[in-house]
Amino acid sequence: TTSTILACVWPMSRPDGIPTLGLERKQPYALPAFIWVYCILWWFIQDAAKVYTYRFLIAFNVFQYNDSGMIPDHFPTPFDNNGISSKSISNVPNITPGRKIEILDNSPLAK
C-alpha cells in the first residue's frame, strides 16, 4: 500500500530533528515483508479471538445474547438519534454563564 511504499523509499531527512531513512535504503532489506507478515499474523489471531468470543456469547447466552442477537444496552446515554446531547446547555432555554443548573433526581445526568 501507499504507506509501505513511502516507508521503504523515504529519503534521508531530519523531520523535527529526528534522523529518518527509508526501510529499504539500509539492511535488513526484507524488513517491510517481515512487518507485513507480523501484521497479518496478528490479524488472524485477533479475528479468531473475535469468532470464539461470539461462539462463547452464544453457547452460554452471556448478556442474554441469544434473546436479541446483540448485547443489550444497559447504560442508555443522554444522546438523541442525531448524536447530539439532549441535555446540552445549548438546548436549555434562558441559560446564562455562571448560573447554577439544577439536575433532577430522575435525570440520567444525576447518576
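Further up the page is the structure itself.
Cut-offs applied
Residues numbered from 1 in each chain as written. Predicted model: local features only at pLDDT ≥ 70, side-chain atom pairs only at ≥ 80, totals over all residues. Heavy atoms only, no water. Helix = DSSP H or I, 4+ residues; strand = E, 2+ residues; numbered from the N terminus. Buried < 20%, exposed > 50% of the residue type's maximum accessible area, 1.4 Å probe, protein only. Contact = heavy atoms within 4.5 Å. Salt bridge = Lys/Arg side-chain N within 4 Å of Asp/Glu carboxyl O. Polar contact = N/O pair within 3.5 Å; in protein donor to acceptor, adjacent residues only side chain to side chain. Phe/Tyr/Trp six-rings, centres within 6.5 Å; stacked < 30°, edge-to-face > 60°.

Asker: Please set out the overall build of the chain residue by residue, giving values where relevant.
Answerer: Helix and strand counts for the chain come out as three helices and zero strands. The N-to-C order of helical and strand elements in the chain reads α-α-α. Taken over 111 residues, the chain has a buried fraction of 7%. Contacts in the chain between residues at least 24 apart in sequence constitute 9% of all its contacts with a sequence separation of at least 6.

Asker: Let's hear about the pattern of salt bridges: which residues, and what values?
Answerer: Where side chains of opposite charge bring their charged atoms close, a pairing between them can arise. Throughout the structure, instances matching the rule amount to one salt bridge. Notably, a salt bridge pairs Asp 47 with Lys 50, separated by 3.1 Å at the nearest N-O pair. Residue Asp 47 and its partner Lys 50 are both found in helix α2 (residues 31–60); the two are separated by three residues, about one turn of the helix. By relative accessible area, which is 28% here, Asp 47 ends up partly exposed.

Asker: An account of the environment of Ser 13 is requested, with residue identities and associated values reported.
Answerer: For Ser 13, the position within the fold is in the loop between α1 (2–9) and α2. Once you skip the residues sitting within four places of it in the chain, Ser 13 turns out to touch Ile 18, Pro 19 and Thr 20. Polar contacts involving the side chain of Ser 13 include one to the side chain of Trp 10, which spans 3.1 Å.

Asker: Could you give me a rundown of the packing of aromatic side chains, with the residues and numbers involved?
Answerer: Under the definition given, this model contains three aromatic pairs. Relative to Phe 44, the ring of Trp 43 lies with its centre 4.9 Å away and its plane at 70°, an arrangement referred to as edge-to-face. Relative to Phe 60, the ring of Phe 56 has its centre 5.1 Å away and its plane inclined at 50°; by these criteria the two rings are tilted. You can see Phe 56 and its partner Phe 60 sitting in helix α2, four residues apart, about one turn around the helix. Of the residues examined, Phe 60 reaches a relative accessible area of 60% and is grouped as exposed.

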